[in-house]
Amino acid sequence: WDGPPGRGAEPVRLVFEYRQAATGSEVQRMETERLGTPTGVAEFQVIGPAYLQGGRVLSWRLQFFRGGELMETHRSYLWE
C-alpha cells in the first residue's frame with residue numbers, strides 16, 4: 001500500500017475476505033494491522049488446513065483502512 005501524504009502516523013488495517021470452493025457463500029476473513037507505516041506490503045495466504053478443508057479461493061475482496069476510515073477496496077471479478 002502507498003497511503004495518502006500527511007497521514008503516515010495513523011494505523012493501517014488490511015482486511016482480506018474470500019470465498020472458497022467447499023464453503024459455498026460463506027465468507028472467510030483475514031486481517032492485519034500495522035502502526036505508523038505510510039507505505040508497505042502485506043501478504044495473505046490460504047494454505048494448510050484452511051486450504052485442505054475449504055478448497056481453492058474462488059473470489060476475494062481486499063479493503064484498506066487508515067485510521068479507521070475505508071480508503072480503498074480491490075476485489076476479484078467474481079466478488080459480489
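Residues numbered from 1 in each chain as written. Predicted model: local features only at pLDDT ≥ 70, side-chain atom pairs only at ≥ 80, totals over all residues. Heavy atoms only, no water.

Draft legend 1. Structural context of the sheet that holds strand 1 (residues 12-20). With antiparallel pairing, 4 strands are arranged side by side in an open sheet as 2-1-3-4. Each edge of the open sheet is held by one strand with a lone partner, namely strand 2 (28-34) and strand 4 (69-75). Shown here is a sheet whose adjacent strand axes are inclined to one another by a mean of 15°, direction ignored. Both strand 1 and strand 2 contribute to a ladder of 7 bridges, which runs antiparallel. Bridging across to strand 2, Tyr18 finds its partner in Gln28. (Pairing = 2+ DSSP bridges. Helix = DSSP H or I, 4+ residues; strand = E, 2+ residues; numbered from the N terminus. Axes fitted to C-alpha atoms, helices over the stretch in contact; angles between N-to-C directions.)

Draft legend 2. The arrangement of the pattern of salt bridges in detail. Applying the stated criterion across every chain yields a total of 4 salt bridges. In this structure, the salt-bridge partner of Glu17 is Arg61, at a minimum N-O distance of 2.3 Å. Here Glu17, found in strand 1, pairs with Arg61, found in strand 3 (residues 57-66); they are 44 residues apart in sequence, far enough to count as distant. Judged by its relative accessible area of 22%, Arg61 is partly exposed. Put simply, Arg29 and Glu31 hold a salt bridge, and the shortest N to O gap is 2.9 Å. With relative accessibility at 45%, the residue Arg29 sits in the partly exposed group. Residue Glu31 is classed as partly exposed on the basis of its relative accessible area of 43%. (Salt bridge = Lys/Arg side-chain N within 4 Å of Asp/Glu carboxyl O. Buried < 20%, exposed > 50% of the residue type's maximum accessible area, 1.4 Å probe, protein only.)

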